[in-house]
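Residue-level structural notes
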Number of protein chains: 2
Amino acid sequence: MSANGPCSRSAVAVATGLNKATVTSLVNELQTRGLVKEMGPQHAGSVGRPGVALGLDGSRAGALGVEVNVDYIAAIATDLAGRVLIDRRIGFDAMGSGPDRSLDELARMVEKTLADLDRLGVTPAGITVAVPGLIDTTTGTVVFAPNLGWRGVPVAGRLAQADLARDIPIAVDNDANLAALAEYTSGVAAGTSDLVYLTGEVGVGGGVISGGRLLGGADGFAGEVGHVMIDPSGERCRCGRVGCWETRVGLAALVRMATPDRAYGTGPQLVRDPEERLAEIEQRRAGGDPRVDAALAEVGRWLGIGAAMLINLFNPRVIVLGGYFARLADPIIPAAQRELARLGMSDAFERCRFAASDLGFGAASRGAAGVVVERALSDPTGISIRMSPSIGVIEGTPTA
Amino acid sequence: MSANGPCSRSAVAVATGLNKATVTSLVNELQTRGLVKEMGPQHAGSVGRPGVALGLDGSRAGALGVEVNVDYIAAIATDLAGRVLIDRRIGFDAMGSGPDRSLDELARMVEKTLADLDRLGVTPAGITVAVPGLIDTTTGTVVFAPNLGWRGVPVAGRLAQADLARDIPIAVDNDANLAALAEYTSGVAAGTSDLVYLTGEVGVGGGVISGGRLLGGADGFAGEVGHVMIDPSGERCRCGRVGCWETRVGLAALVRMATPDRAYGTGPQLVRDPEERLAEIEQRRAGGDPRVDAALAEVGRWLGIGAAMLINLFNPRVIVLGGYFARLADPIIPAAQRELARLGMSDAFERCRFAASDLGFGAASRGAAGVVVERALSDPTGISIRMSPSIGVIEGTPTA
């Protein structure tokens with residue numbers, strides 16, 4: 001029904017080859033779960049007594065996507081039709097807090113959002129957690145997150161222990177992969193079957209959609225662009241190696257060059273929501289601080305150098321710039337394009353463009369919610385909705 | 001039948017849902033084309049009068065894969081069962097000869113191989129040409145082949161004009177992509193759904209199998225590993241840019257370091273089949289020439305640096321080393337592994353191994369023939385076999 005719009009029980013029977021008694025029984029079950037509703041008599045194209053049109057009821061079940069990143073924790077809740085119900089983010093020093101305190105804070109964010117969903121009469125079908133690192137998705141464990149300093153952290157297990165989510169399934173996945181899925185389904189390059197998404201955060205992750213599918217690799221670790229060595233004579237990275245791309249284009253690199261008096265650290269007074277940092281950088285740029293323009297040009301140049309590698313290897317049509325890259329796209333993209341034009345080798349370079357994401361720092365949690373929706377729709381039998389009345393949709397904006 | 005082994009007309013009717021008259025008519029057509037043969041009565045598991053088992057007759061139709069590379073031209077012909085019938089290679093200065101003379105020489109190779117197939121009673125179902133460069137596969141045109149110095153060369157059109165192949169369909173594709181497919185179907189890492197193949201030639205191409213599918217990208221240009229900038233302070237590449245990976249690991253780089261008196265040029269006396277060059281390098285290594293060991297260690301080190309990038313981006317289980325890398329795997333792989341261990345960031349590095357291809361310089365033409373087989377089996381109606389008797393199979397070894 002989701003692909004074909006509302007249709008009658010008879011039409012479902014014809015399309016699936018199931019007999020009508022079976023269809024009636026299945027529809028009853030989905031109605032009981034609050035996932036299907038009757039939408040009135042169906043007329044178009046039918047002969048004889050009109051059937052009753054059945055439609056997907058996406059408003060009563062929801063999906064929760066949360067993200068823990070270096071300097072913030074975010075949550076986005078949607079209904080199964082993809083409408084955003086809740087969108088919030090808080091600045092948080094995950095880098096300095098360690099896994100235990102970070103997961104406590106994440107659990108509080110989850111608890112608060114679940115309570116809000118409850119008030120909205122929406123039953124969550126699942127929770128997916130986005131983390132900037134290498135994830136063992138089968139166990140929901142962070143194998144290694146260089147910028148958080150986490151190794152072997154069982155995120156799904158810890159959240160399950162917190163007992164907020166009770167029977168709600170919890171998954172964990174890489175932030176950039178989830179954000180790439182969000183871009184592919186609903187962002188500025190939606191439907192572009194070959195795209196690369198770059199997270200502009202302290203770390204720079206990549207999610208690759210190739211031929212319409214997320215590139216996973218053997219362990220789901222593909223697209224780890226931030227730690228490709230791009231400057232052999234460069235600086236030491238938090239991963240322990242030298243010259244990684246993110247030491248040139250990550251948010252910490254920009255802050256160090258543009259506002260050296262505000263550089264990253266792990267003390268509480270040094271941690272701020274990335275939006276605050278960016279507001280300060282924009283303010284100083286407007287005030288004519290030459291360090292800011294120079295820093296943005298340098299980030300753009302290294303972004304172009306890395307983009308040339310990505311085009312050679314993945315041949316995408318669009319490189320979607322997320323996170324802070326999107327916020328500062330106006331100065332950064334022209335600098336990146338100039339470098340790319342210098343390094344371009346084939347038509348593939350001319351056919352590829354940069355695009356600034358409009359999903360902001362919420363792209364990963366948006367994608368995380370999208371994965372929950374996708375799973376729920378492909379197997380709705382796991383969902384069980386309380387039959388209290390729905391009280392409408394709150395279009396969300398980020399709030400603390 | 002190919003997936004299930006011999007079976008009767010009745011069994012085909014049951015499996016496909018077609019009625020028996022239709023199956024009989026289709027089988028007659030395939031028998032006329034020489035693609036199906038009766039293999040005797042079928043007993044196993046059947047009730048009542050036994051049907052006649054039908055089997056795929058792959059020996060009467062064949063596939064031709066050819067390759068033009070910097071310093072050789074190669075051809076491999078197989079039957080539709082994948083058995084190699086003809087395998088030949090000649091040293092040829094494609095780099096210095098330009099597209100016209102190179103395509104004349106390629107046409108002669110095709111003509112000779114087609115004549116041999118004719119003598120074997122095998123009808124070619126198609127020809128695929130492998131070229132080390134970016135290919136527009138819809139028109140069979142080489143868009144850009146940096147190491148051949150070709151731009152916009154209509155290879156398929158030129159071969160069609162030569163009128164040797166008459167009605168045989170001609171396709172053109174990237175050498176590394178074709179070799180990767182050959183490795184995935186029949187090489188040392190056969191069945192490994194995440195692998196990267198590297199062509200060890202003058203140029204270094206890459207073919208990526210990810211999740212069991214060839215990674216194409218938006219234009220089929222993905223996997224262009226040789227021109228990723230890996231050494232910003234390095235040498236100028238034939239593509240015009242600086243520091244490309246192949247300036248560090250290509251065969252020309254090895255020859256320049258190991259046997260500087262034999263370095264590459266475009267004069268006829270400087271061009272030799274790569275096997276000859278490798279024989280000389282091995283001979284000097286056995287003679288204790290320290291330049292050779294130093295050169296191999298240096299190539300291995302840069303191979304490890306590039307492999308780290310490939311593991312971060314593609315997360316493969318195996319990196320298959322083709323061409324000259326395979327021939328000199330003993331000294332090269334340990335040096336590459338040492339560098340990789342130094343750069344490794346996650347379990348993905350430990351779980352990935354190097355493997356030396358056993359398909360030699362024939363991998364791309366083998367893959368090219370494989371693509372023809374694949375297409376012929378998925379739509380056999382395009383094949384029309386002369387009904388002369390088959391005269392057996394010649395197991396090929398490379399011959400001039």
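Residues numbered from 1 in each chain as written. Chains lettered and ligands numbered in written order. Predicted model: local features only at pLDDT ≥ 70, side-chain atom pairs only at ≥ 80, totals over all residues. Heavy atoms only, no water.

Here is the rule: UniProt positions are given in the numbering used here, feature names are shortened, and annotations may be inferred rather than shown by experiment.
You'll find chain A entered in an unreviewed UniProt entry as Putative NBD/HSP70 family sugar kinase, with Nonomuraea rubra given as the organism. Taken from UniProt, the Sequence similarities (unreviewed entry) comment for chain A reads in full: "Belongs to the ROK (NagC/XylR) family."

**Considerations on unusual backbone geometry**
Glycine aside, the phi torsion of most residues is negative, and most peptide linkages are trans. Note the cut-off: The helix count covers DSSP runs of H or I at least four residues long, the strand count covers runs of E at least two residues long, and both are numbered beginning at the N terminus.
In this structure, Asn315(A) takes a positive phi of about 50° despite not being glycine. When you line up the elements, Asn315(A) lands in the loop between helix 9 (290-314) and strand 14 (318-321).

**Considerations on the sheet that holds strand 12 (residues 206-210) of chain B**
Residue and element names in this part refer to chain B. Quick reminder of the rule: By the convention used here, strands pair only if DSSP detects at least 2 bridges between them.
Strands sit in the order 13-12-11-14-15 across an open sheet of five strands; the sheet is mixed. Looking at the sheet topology across the chains shown, the edges are occupied by strand 13 (213-214) and strand 15 (353-356). When strand 11 (residues 195-198) meets strand 12, the two strands line up antiparallel, connected through four bridges. Within strand 12, the position partnered with Leu 195 by the bridge is Ile 209.

**Structural notes on helix 3 (residues 94-119) of chain A**
Heads up, the condition is: Under the convention used throughout, the expected extent of a helix is 1.5 Å for every residue step, that is, one less than its residue count. One fitted axis covers the seven residues ending at a residue, a second covers the seven starting there, and the bend at that residue is the angle between these axes.
The first and last C-alpha atoms of helix 3 of chain A sit only 29 Å apart over 26 residues, clearly below the 38 Å expected at 1.5 Å per residue. Roughly 85° is the biggest bend found in helix 3 of chain A, and it falls at Asp100(A).

**Points about the sheet that holds strand 9 (residues 150-153) of chain B**
Residue and element names in this part refer to chain B. Basically, it comes down to this: Axis geometry follows a simple rule: fit a line to the C-alpha atoms, using only the stretch in contact for helices, then measure angles between N-to-C directions, giving values from 0 to 180 degrees.
Taken in spatial order, the three strands line up as 7-8-9 in an open sheet, and their pairing is antiparallel. Both edges of this open sheet fall to strand 7 (134-136) and strand 9, since each of them pairs with a single strand only. Within the sheet, the average angular offset between the axes of one strand and its neighbour, ignoring direction, is 20°. Relative to strand 8 (residues 141-145), strand 7 runs antiparallel, the two being bridged by three bridges. In the strand pairing of strand 8, Asp 136 is matched with Thr 141.

**Some points on the environment of Ala11(B)**
Following the sequence through the fold, Ala11(B) ends up in helix 1 (residues 9-16). A C-alpha to C-alpha distance of 9.3 Å links Ala11(B) and Ala53(B), two positions 42 residues apart in sequence.

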